[in-house]
Amino acid sequence: MVLYGVAALALCMLVGMLIGDVLGVAVGVDANVGGVGFAMILLVVATDRLRKRGLFPKPTEQGVLFWSALYIPIVIAMAATQNVAEAIGGGPMAAIAGLGALAAGAALVPVISRIGGQSEPLPAMTEAEKAEA
């Protein structure tokens, strides 16, 4: 069952990379455009739908959780290897995409901050906790 979780992750990665390659061709860039991001979105949507339908057993979820714990460091490593100077020199698309992502992220901060209700503040630290910190 853990293997099914890994298979779901691999399938989402393949589909996401295919979407990124097609998008790169569509915008005239000789690169994958957002394939890893599309893969992550597909994985979140697919696992959520499977979980809601009761088709996502716990061992399968453990397979996805194991690899998703490694996902962020892998994405950071992949992003670090990209040649930013060449991307910007290749045309204004990289700058436009970056500014668009920045604007969307900034615009969504207030929206995301409203999700959920107010919670109680944490209790004051004890002397023992202060000593440990």
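Everything in this summary refers to the structure shown in the same document. Residue numbering note: each chain is counted from 1, following its sequence as written. Whole-chain, interface and lining totals are the exception, using all residues; otherwise, since this is a predicted model, local features are given only for residues with pLDDT of at least 70 and side-chain atom pairs are given and counted only at 80 or more. For the side-chain quantities, the full set of heavy atoms in the structure was used; hydrogens and water were omitted.

### Section: the overall build of the protein chain
When helices and strands are counted, the protein chain shows six helices and zero strands. Of the regular secondary structure in the protein chain, the N- to C-terminal order runs α-α-α-α-α-α. Partly exposed residues are those whose accessible area sits between 20% and 50% of the maximum for their type, while under 20% is buried and over 50% is exposed, using a 1.4 Å probe and protein chains only. Of all 133 residues assigned to the protein chain, the portion counted as buried reaches 13%. The contact definition used throughout considers only heavy atoms, calling two residues in contact when any of these lie within 4.5 Å. A fraction of 51% describes how many contacts in the protein chain between residues 6 or more apart in sequence connect residues 24 or more apart. A run of DSSP states H or I qualifies as a helix once it reaches four residues; a run of E qualifies as a strand once it reaches two. Both are numbered from the N-terminal end.

### Notes on the side chain of Glu 61
Structurally, Glu 61 is set in helix H3 (residues 58–80). Glu 61 gets classed as buried once you look at its relative accessible area, which sits at 14%. Excluding residues within four positions of it along the chain, Glu 61 makes contact with Arg 51 and Phe 56.

### Observations concerning the pattern of salt bridges
Basic side-chain nitrogens of Lys or Arg form a salt bridge, by our definition, when they fall within 4 Å of a carboxyl oxygen of Asp or Glu. The tally for this structure, following the rule as stated, stands at four salt bridges. For Glu 127, the salt bridge identified is with Lys 130, shortest N-O distance 4.0 Å. In this pair, Glu 127 and Lys 130 both sit in helix H6 (residues 127–132), three residues apart, roughly one turn of the helix. What you see here is one network of salt bridges that share partners, running through Arg 51, Lys 58 and Glu 61.

### Looking at the side chain of Thr 47
Tracing the backbone through its elements, the reader meets Thr 47 in helix H2 (residues 35–52). Looking at Thr 47, the relative accessible area reads 9%, which means it is buried. A polar side-chain atom of Thr 47 sits 2.8 Å from the main-chain carbonyl oxygen of Leu 43. Apart from residues lying up to four places away in sequence, Thr 47 is in contact with Phe 56 and Val 64. In protein, a polar contact means a hydrogen-donor-capable atom and an acceptor-capable atom, both N or O and within 3.5 Å, with residues adjacent in sequence counting only if both atoms are side-chain atoms; elsewhere, any N or O pair within 3.5 Å suffices.

### With respect to the nonpolar core
Counting five residues, the largest nonpolar core consists of Leu 9, Cys 12, Leu 43, Phe 56 and Val 64. Once residues within four sequence positions are removed from consideration, Phe 56 is found in contact with Thr 47, Leu 50, Arg 51, Glu 61 and Val 64. The set of buried Ala, Val, Leu, Ile, Met, Phe, Trp, Tyr and Cys residues whose side-chain atoms join them within 4.5 Å is what this entry labels a nonpolar core.

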